[in-house]
Protein chains: 2
Amino acid sequence: MSDVAKAAGVSAATVSRALRGEPGVSEATRQHVSEVARRMKYAIARDASSLAGGRRYAIAVLTSEVSPVLAGAEGALRQAGYDVLLYVLAEPGARAKFFDELPLGRRVDGVLLLSMSLSGAEQAALESLEVPHIAVDDTDLRRALRTAVAHLLELGHRDVALVLSDGVDESYDEILASAGLDVRPEWTVWCSPTVDGGEQVVDVLLDGERLPTAVISSNGAAALGIYLRVQRDGRAVPDEVSIVSLDGQELTRVVGLTAVEGAAKEQGERAVADLLTLIRGGQIEPVEHPLRLVVRNSSGPVRTAG
Amino acid sequence: MSDVAKAAGVSAATVSRALRGEPGVSEATRQHVSEVARRMKYAIARDASSLAGGRRYAIAVLTSEVSPVLAGAEGALRQAGYDVLLYVLAEPGARAKFFDELPLGRRVDGVLLLSMSLSGAEQAALESLEVPHIAVDDTDLRRALRTAVAHLLELGHRDVALVLSDGVDESYDEILASAGLDVRPEWTVWCSPTVDGGEQVVDVLLDGERLPTAVISSNGAAALGIYLRVQRDGRAVPDEVSIVSLDGQELTRVVGLTAVEGAAKEQGERAVADLLTLIRGGQIEPVEHPLRLVVRNSSGPVRTAG
DNA sequence: CTGTTAGCGCGTTCAA
DNA sequence: TTGAACGCGCTAACAG
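On a predicted model such as this, the values are computed, not experimentally measured, just so you know.

> An account of the protein's contact with DNA strand D is requested, with residue identities and associated values reported.
For DNA strand D, the set of nearby residues contains 27 residues, the closest of which are M1, S16 and Y42 of chain A together with T14 and T29 of chain B. For DNA strand D, the fraction of protein-proximal atoms (within 4 Å) that sit in sugar or phosphate groups is 70%. M1 of chain A is positioned such that a nitrogen or oxygen atom in its backbone is 2.9 Å from a phosphate oxygen of DNA strand D. A45 of chain A places a polar main-chain atom, nitrogen or oxygen, 3.1 Å from a phosphate oxygen of DNA strand D. Breaking the surface near DNA strand D down by element, the ones donating at least two residues are α2 (12–20) and α4 (46–51) of chain A together with α2 (12–20) of chain B. For the surface near DNA strand D, the leading source of residues is α2 of chain A, giving four residues. Within the surface near DNA strand D, the residues separate by chemical class into 14 nonpolar, ten polar and three charged.

Below, the structure written as structure tokens:
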């Protein structure tokens, strides 16, 4: 840095201020210093910078799975000039160890949590770091369902079945009802969030006397199972049955299922933006995560009877 | 550190040496210092350590996609006490920028590359960092193919078609031939590495007079496409046609395709072990990446004719 | 707006 | 085997 300072005819402190965008430097000086630094291929040494008490230029990213959201977040952080310290906290052991040891002291400017629901203790541990943090929630099932229902209504569907993953125990009847659909108990079914689960549930669903013209699945893998099974049964998708997934797994994309996607990339970017705002001491206002209906080949107009 | 030194009745230099396992400290002193440090929950500050010329306790992980290998590598590195600096270099722009700016100077102890085939220039840029690096190769198609062929032979198949992804231009005839299979030119076909590609190739393949009893696909998505199309054509899998993928994408697992998998986790762990050996100045000996045949529901005994 | 001074917390001499 | 002094590259607080 002193080399750059000498070359630019200023002091090291000025170089520091100029390169970090700190106030207190004339615009002319800043430009000049930046130019010289670039020519000399100089970049601030982060270690020394953080040692001296400045920022650390690093964000810890905690995630329970390596997912597209991670890719989105990484890109946004990198672009903002931050390093990404990755912690994959998939196994309970690793997760417990992390929150026990909290190896983040004085090493990051912020923490980003992806698809992690924290326990109270974990939350408290995180707070004790005294570092800004923010979490990216999972897709909001409720809103996703409304989106899917609207899509199907538009296509003329009135007989819509809802396949929920085991573990989802809220009632969504009111959403179906308020959309003007009949709520038929036998058209709300549960299955495991797997391809197998989806296949099995089809037997139940298409066994009644009245068949739904469309099926919404809360889980992507199950949606795929439904799709495969329905086709194997000799029913055309979407001509006889439309299928919509509320979960934008890669699976749904690859086989061409219509899905409500969590807009993973945007969610990650949004979260990064919020986190950076927090780091700068700003206030953030909660916003709903964007949802995106991606219409592919598994949903179409309802077939007019007769 | 000076606090610990005081508490232990030694100098800071001794604490440093003791905690880093440096020689030149009596075993008694080392034990004592370690004990005191633990009691005081003291850990060496990595920033200061690297500033002063010591280790950086960090590894840069470069990857072209967020994949299970990444998860495996992260775990292994974490366990070895290293931070993971993640760089997702999926987009050409990001990748070019990285190799242009090389933002790694003096910041990591090593570099781990996952599923990245480096160009000569990139290779050179990496070397210029003067930091140990190691790459996890993609699955070796050749060996994977041998594994798949052996599996099918065992099941009695003799009429095996090979679907290669566009871009794969090596000849694998000798592998098929040496396994005692007839090499029929019309049974080696190319398609794009997508579900669509797989679907399309089925038309070509099952249009001849003599049909293969098994299909090997080098790509997982294409394998899925083949699977879907064959079923839709009303042919049973695996009773009429067996399908084996040489690529263990999640896709193949979820829909139950037999696949030769790269044993991602083990590969990642192995690479980390090698990298750490390099960092310590050791020599590594090349080993073949482990391959694993995962038999699922898409491969079965050949149906005895008539 | 800019320069000067004094550390940040450690590793590495060198001497004892 | 240990300790004291020095400097790594930078930023914060002050002075101008």
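The structure having been displayed, the exposition proceeds.
> Explain the interface of chain A and chain B to me, using residue names and the numbers behind them.
At the interface, 30 residues of chain A touch 29 residues of chain B. Summing both partners gives a buried area of about 2700 Å² for chain A against chain B, and 60% of it is carried by carbon and sulfur. Counting the surface chain A buries against chain B, the share from its top three residues, D47, V66 and L86 of chain A, is 19%. At the junction of chain A and chain B, the tally comes to two salt bridges. Among the salt bridges present, the one from R107 of chain A reaches D83 of chain B, with a minimum N-O distance of 2.3 Å. Inspection of the chain A/chain B interface yields twelve residue pairs in polar contact (both at pLDDT 80 or more). Put simply, the parts of the chain that give the side of chain A that touches chain B at least two residues each are α4, α5 (68–79), β2 (83–88), α11 (220–232) and α12 (250–255) of chain A. Examining the composition of the side of chain A that touches chain B, we find that six residues originate from one element, β2 of chain A, more than from any other. Its residues assigned to classes, the side of chain A that touches chain B shows 18 nonpolar, three polar and nine charged.

> Mind laying out unusual backbone geometry, listing which residues take part and the relevant values?
Residues and elements named next belong to chain A. Between V237 and the following residue, P238, the backbone shows a cis peptide bond with an omega angle of 10°. Positive phi, close to 55°, is recorded for K41, a residue that is not glycine. Checked against the element boundaries, K41 lands in the loop between α3 (27–39) and α4. One non-glycine residue with positive phi stands out, namely L102, at about 40°. Take L102: it is sitting in the loop between α6 (92–101) and β3 (110–114).

> I'd like a rundown of the relation of the copies chain A and chain B, residues and numbers included.
Superposition record for chain A on chain B: RMSD 1.1 Å, screw rotation 180°, translation along axis 0.5 Å. Such a combination of rotation and displacement between the chain copies is what one expects of a two-fold axis. Mapped onto chain B, 97% of the interface residues of chain A again fall at the interface, so both copies present the same surface.

> How would you explain the nonpolar core if you had to name every residue and give the values?
In this structure, V163, L224 and I226 of chain A together with V163, L224 and I226 of chain B are the most contacted members of the largest nonpolar core, which totals 50 residues. Excluding anything up to four places from it in sequence, L224 of chain B contacts V254 and V255 of chain A together with V195, L251, V255 and L257 of chain B.

> Could you give me a rundown of helix α7 (residues 120–128) of chain B, with the residues and numbers involved?
Residues and elements named next belong to chain B. Among all positions in α7, only E122, A125 and L126 are buried. The buried residues of α7 occupy an angular sector of 100° when projected down its axis, which confines them to one face. Turned more than 90 degrees away from the buried face of α7, the exposed residues are G120, A121 and S128. On its buried face, α7 is in contact with α6 (92–101), β3 (110–114) and β4 (133–136).

> Please provide a residue-by-residue account of the packing of aromatic side chains, values included.
All chains considered together, the criterion is met by four aromatic pairs over all chains. Look at Y87 of chain B and F98 of chain B: their rings are 5.0 Å apart centre to centre, the planes differ by 65°, and that puts the pair in the edge-to-face class. Of the two residues, Y87 of chain B is situated in strand β2 (residues 83–88) and F98 of chain B in helix α6; the sequence distance between them amounts to eleven residues. Ring geometry for F98 of chain B versus F99 of chain B: centroids 5.2 Å apart, planes at 80°, classification edge-to-face. Feature note: the residues Y87, F98 and F99 of chain A constitute an aromatic cluster, connected by ring pairs. Directly above the ring of Y87 of chain B sits R78 of chain A, whose terminal nitrogen or CZ lies 3.6 Å from the centroid.

Rules used throughout
Residues numbered from 1 in each chain as written. Chains lettered and ligands numbered in written order. Predicted model: local features only at pLDDT ≥ 70, side-chain atom pairs only at ≥ 80, totals over all residues. Heavy atoms only, no water. Near = heavy atom within 4 Å. Polar contact = N/O pair within 3.5 Å; in protein donor to acceptor, adjacent residues only side chain to side chain. Helix = DSSP H or I, 4+ residues; strand = E, 2+ residues; numbered from the N terminus. Nonpolar A, V, L, I, M, F, W, Y, C, P; charged D, E, K, R; others polar. Contact = heavy atoms within 4.5 Å. Buried area = accessible area lost by both parts, 1.4 Å probe. Salt bridge = Lys/Arg side-chain N within 4 Å of Asp/Glu carboxyl O. Least-squares fit on C-alpha atoms with pLDDT ≥ 70 in both. Core = buried A, V, L, I, M, F, W, Y, C linked by side-chain atoms within 4.5 Å. Buried < 20%, exposed > 50% of the residue type's maximum accessible area, 1.4 Å probe, protein only. Arc of directions from axis to C-beta. Phe/Tyr/Trp six-rings, centres within 6.5 Å; stacked < 30°, edge-to-face > 60°. Lys NZ or Arg CZ within 6 Å of the ring centre and 35° of its normal.

Purely geometric numbers; function is a separate question.
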